[in-house]
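Here's the letter readout for the chains.
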Amino acid sequence: MALDDPHARPCEPPGTGGPRTAPAGDDDAFPFAGDEVLPCGRLLSRVWEQACDAPPGVDPHTVSCPYCREAVEGLATAKTAARALRAEDTSGLHALADRVMAVVRAEVRLGRLLPLADPGRDLRIAENTAAKVLRRAADTVPGARAATCRLVPEGPGTGVRVAMTLAAALDRPLPERVRQVRRSVLHSAGQELGLAVTVVDVTVVDVLEPEPPPAHGLPAGGGAW
């Protein structure tokens, strides 16, 4: 008996000269296209329904009929395989969801991906990584300390806009110090990172106290013994 072909031609029950056809109103009418008539005369779908709804041993025919028993055993095997597949898929989906969420959390920590000035290779760098480098470049200017640094892609190309806040000392003219910070950031972005920075917006948000000069007669960092 072929159970794996839903469109198999119905088998001929014993004592008939051709395939069984169900009359209108018959309780054994085919419930769906491609249903199969077992050699004993019962519909395969009815045997499966009865096996699912009634406890084993209730129907004497099913107990004594080898064709119905074979159909019920095939149904049990299929149900066991389906349960195992569902369990396997569920664990697989959980593992996949965990991997996706790990990637999402990592991307949130790293910030957006910014294009480098090499459109032919489609190279990118994480915003947080680039911001650390540019803040360090700003800190190399005496009397300046970077506070925040945001990088935003500008236009359809590889241009990037930098917005930085910093604290600056007032021992020198502020515009001059801001220009130094801007030059240092542009140089670092181009030479160290390969970013095509178009604009560096610098906002001074705090005053940085200038470092006191070393005491006369003592080397820098020295002390009295």
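Please refer to the structure higher up on the page.
Right, let's walk through the structure included here.

Scoring rules and cut-offs
- Residues numbered from 1 in each chain as written.
- Predicted model: local features only at pLDDT ≥ 70, side-chain atom pairs only at ≥ 80, totals over all residues.
- Heavy atoms only, no water.
- Helix = DSSP H or I, 4+ residues; strand = E, 2+ residues; numbered from the N terminus.
- Buried < 20%, exposed > 50% of the residue type's maximum accessible area, 1.4 Å probe, protein only.
- Contact = heavy atoms within 4.5 Å.
- Pairing = 2+ DSSP bridges.
- Axes fitted to C-alpha atoms, helices over the stretch in contact; angles between N-to-C directions.
- Salt bridge = Lys/Arg side-chain N within 4 Å of Asp/Glu carboxyl O.
- Arc of directions from axis to C-beta.
- Expected span 1.5 Å × (residues − 1).
- Core = buried A, V, L, I, M, F, W, Y, C linked by side-chain atoms within 4.5 Å.
- Polar contact = N/O pair within 3.5 Å; in protein donor to acceptor, adjacent residues only side chain to side chain.
- Parallel < 35°, antiparallel > 145°, perpendicular 65-115°, else oblique.
- Left-handed = near helix turned anticlockwise from the far one by under 90°.
- Nonpolar A, V, L, I, M, F, W, Y, C, P; charged D, E, K, R; others polar.

With that out of the way, let us pick up the overall build of the chain. Along the chain, the regular secondary structure elements total five helices and five strands. Each helix (α) and strand (β) of the chain, taken in turn from the N terminus, gives the series α-α-α-β-β-α-β-β-α-β. Counting the 225 residues in the chain, one finds 26% classified as buried. If you take every contact in the chain between residues at least 6 apart in sequence, the share linking residues at least 24 apart comes to 50%.

Next up on the list: the sheet that holds strand β4 (residues 159-168). If you walk across this open sheet you meet the three strands as β3-β4-β5, and the pairing is mixed. Two strands in the sheet have a free side with no partner beyond their single neighbour: β3 (144-153) and β5 (196-207). The sheet shows a mean angle of 20° between the axes of neighbouring strands, taken without regard to direction. The pairing of β4 with β5 spans ten bridges and is parallel. When the sheet's bridge partners are listed, Leu166 is paired in β5 with Val204. Where helix α4 (residues 127-139) meets the sheet, it contacts β3 and β4, and its direction lies at approximately 145° from that of β3.

Right, let's talk about the pattern of salt bridges for a bit. Taken as a whole, this structure holds seven salt bridges when the rule is applied. Among the ionic pairs, Arg150 bridges to Glu127, the shortest N-O distance being 2.9 Å. On the criterion of sequence distance, the pair formed by Arg150 in strand β3 and Glu127 in helix α4 is long-range, its members being 23 residues apart. Judged by relative accessible area, which is 44%, Arg150 ranks as partly exposed. The residue Glu192 makes a salt bridge to Arg136 at a minimum N-O spacing of 3.7 Å. Pair noted here: Glu192 is in helix α5 (residues 174-193) and Arg136 is in helix α4, with a separation of 56 residues, a long-range link. When its relative accessible area of 48% is taken as the criterion, Arg136 is described as partly exposed.

Among the residues making up helix α1 (residues 44-53), those that are buried are Leu44, Ser45 and Val47. With its buried residues spanning 160° around the axis, α1 presents them on a single face.

Most of β4 is tucked away, with eight of its ten residues classed as buried. Linking β3 to β4, which pair antiparallel, is a turn of five residues; within it Gly155 sits at a positive phi near 80°.

As a further point, take the side chain of Arg177. By the element assignment, Arg177 lies in helix α5. We classify Arg177 as buried; its relative accessible area is 3%. Look past the residues within four positions of Arg177 in its chain and what remains in contact with it is Val141, Pro142, Gly143, Ala144, Ala168, Ala169, Leu170, Asp171 and Arg172.

Right, let's get into α5. In this model, α5 (20 residues) spans 27 Å end to end at C-alpha, consistent with the 28 Å of a helix rising 1.5 Å per residue. Among the residues of α5, Arg177, Val178, Val181, Ser184, Val185, Ser188, Ala189 and Leu193 are the ones counted as buried. Each buried residue of α5 lies within a common arc of 130° when the element is viewed along its axis, so the set occupies one face. In this structure, α5 carries Pro175, Arg183, His187 and Gln191 as exposed residues pointing more than 90 degrees from its buried face. In this structure, the buried side of α5 is in contact with β2 (124-126), α4, β3, β4 and β5.

Attention now moves to the nonpolar core. In this structure, Leu134, Leu151, Met164, Val181 and Leu195 are the most contacted members of the largest nonpolar core, which totals 27 residues. Within the residue set of this core, elements represented by two or more residues are α4, β3, β4, α5 and β5. In this structure, Met164 is in contact with Leu134, Arg135, Ala138, Ala146, Thr148, Cys149, Val181, Val185, Asp201, Val202 and Thr203, ignoring residues within four places of it in sequence.

What follows is about the environment of Ser64. Along the chain, the position of Ser64 falls in helix α2 (residues 60-64). According to the relative accessible area criterion, Ser64 is exposed, its value standing at 54%. Of note is the side chain of Ser64, whose polar atom sits 3.0 Å from the backbone oxygen of Pro60.

Relative orientation and spacing of two packed helices are given, respectively, by the angle between their axes and the distance between those axes. Across the interface, α4 lies against α5 with an axial gap of 8 Å and an inter-helix angle of 135°. The pairing of α4 with α5 is recorded here as oblique in orientation. When you trace α4 past α5, the crossing you get is right-handed. Contact residues: α4 offers Ala130, Val133, Leu134, Arg136, Ala137 and Ala138, while α5 offers Val181, Ser184, Val185, Ser188, Ala189, Glu192 and Leu193. Partitioned by chemical class, the residues of the contact of α4 with α5 number nine nonpolar, two polar and two charged.

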